[in-house]
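# Topology and contacts: notes
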Amino acid sequence: MLPPIVIGITGASGARYAVRLIEVLLRAGQEVHLSISPSGREVIRQEMGLEVDLDAFRPEMLLGASGEGVLRYHPYQDFMAPIASGSFVTGGMVVCPCSGTTLSAIAAGASGNLIQRAAEVHLKERRRLVLVPRETPLSLPTMDNMRRAHQAGAVLLPASPGWYHGVNRVDDLVDFVVARILDQLEIKNELIPRWGDAP
Ligand SMILES: Cc1cc2nc3c(=O)[nH]c(=O)nc-3n(C[C@H](O)[C@H](O)[C@H](O)COP(=O)(O)O)c2cc1C
């Protein structure tokens, strides 16, 4: 079991990846600290039809009845939250999905909100930071920001699912990306068959 995992949900397309990631982490007994940007809430509403109240968050709003385990929510501007400090030890952070706005802030070392601050903390403490952008095509500024974030120590893990693991449902594509994120966190998972596994 790792120390708590930090998840930031920002306003890029792909909210389902984040929800599935949180479900799997909680089911694995992993404590999760979560913050959601206002744009992230809008995308959750648009893509999943869920109403998430950022000022009065309850896990059921995001996870439905399947919510279990220890999920600690921190409002997006709450710099008093433990994840704003390097003294709070974590097992890593995932920004999923990661908007171009948040990517740009992380690449620049800006800490304009709690998600950006927690990401900056992970970089300075040399802890795992996984960024999951979705954008396509990519502009030169976005590619430059990806390069800078990578050089600072982040892992850029685009939401680009492979199609070689026997895809029958949308959930298989979601699980492909979530499995790759879990691999980066070194959390054991069998969400998808691995290349080389016996069929
Ligand atoms: C439905 C919807 C989908 C969006 N998808 C993306 C996206 O895939 N990538 C991206 O960089 N921005 C996307 N945006 C725009 C961001 O939400 C916007 O740039 C915002 O400033 C991001 O702020 P945040 O990083 O604090 O969440 C989307 C916005 C909406 C409403």
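Look above for the structure.
In short, a report on the structure. If you're wondering where the values come from, they're calculated on a predicted model, not measured in any experiment. (Residues numbered from 1 in each chain as written. Predicted model: local features only at pLDDT ≥ 70, side-chain atom pairs only at ≥ 80, totals over all residues. Heavy atoms only, no water.)

### Thoughts on the overall build of the protein
Scanning the protein from terminus to terminus reveals seven helices and six strands. In the protein, the succession of helices and strands from N to C terminus is β-α-β-α-α-β-β-α-α-β-α-β-α. Overall, the protein is about 50 × 40 × 35 Å in size when its C-alpha atoms are taken along their principal axes. Looking at the protein as a whole, 48% of its 199 residues are labelled buried. Surface summary for the protein: the accessible area is close to 9700 Å², and the carbon and sulfur share equals 52%. (Helix = DSSP H or I, 4+ residues; strand = E, 2+ residues; numbered from the N terminus. Buried < 20%, exposed > 50% of the residue type's maximum accessible area, 1.4 Å probe, protein only. Areas by Shrake-Rupley, 256 points an atom, 1.4 Å probe, with all protein chains shown as cover.)

### So, the environment of leucine 191
Along the chain, leucine 191 turns up in the segment after α7 (170-185). Residue leucine 191 is classed as partly exposed on the basis of its relative accessible area, which comes to 22%. What leucine 191 contacts, discounting residues up to four positions off in sequence, is Arg20, Val24, Asp175, Val178, Ala179 and Leu182. (Contact = heavy atoms within 4.5 Å.)

### Here's the deal with the sheet that holds strand β2 (residues 32-36)
Spatially, the six strands line up as an open sheet ordered β3-β2-β1-β4-β5-β6, and their pairing is parallel. Looking at strand neighbours, the two that pair on one side only are β3 (71-73) and β6 (155-156), the edges of this open sheet. Two strands pair when backbone bridges link them, and strand β4 (residues 92-98) and strand β5 (residues 129-133) are joined in this way by four bridges, in the parallel orientation. Note on β5: the bridge partner recorded for cysteine 98 is proline 133. Its contacts with the sheet put helix α1 (residues 15-27) on β1 (5-9), β2, β3 and β4, and the angle it makes with β1 is roughly 160 degrees. Most of the contacts of helix α5 (residues 114-124) go to β4, to which it runs at about 135 degrees, and overall it touches β1, β2, β4 and β5. (Pairing = 2+ DSSP bridges. Axes fitted to C-alpha atoms, helices over the stretch in contact; angles between N-to-C directions.)

### With respect to the nonpolar core
Ile7, Leu34, Ile36 and Leu62 are the most contacted members of the largest nonpolar core, which has 38 residues in total. Considering each element in turn, this core owes the most residues, nine residues, to α1. Among all residues touching leucine 62, those that are not within four sequence positions of it are Ile9, Val19, Ile22, Leu34, Ile36, Ile44, Leu50, Val52 and Phe57. Ala84, Cys98, Leu103 and Leu123 belong to the second largest nonpolar core, which has 19 residues in total. (Core = buried A, V, L, I, M, F, W, Y, C linked by side-chain atoms within 4.5 Å.)

### Focus on unusual backbone geometry
Look at the link from cysteine 96 to proline 97: it is a cis peptide, with omega at -10 degrees. Note on placement: proline 97 falls in strand β4. In the Ramachandran plot, arginine 126 falls in the positive-phi region, its phi being about 60 degrees despite a non-glycine side chain. Relative to the elements of secondary structure, arginine 126 occurs in the loop between α5 and β5. Look at arginine 126 and you get exposed, because its relative accessible area is 70%. Residue glutamate 186 is not a glycine yet carries a positive backbone phi of 60 degrees.

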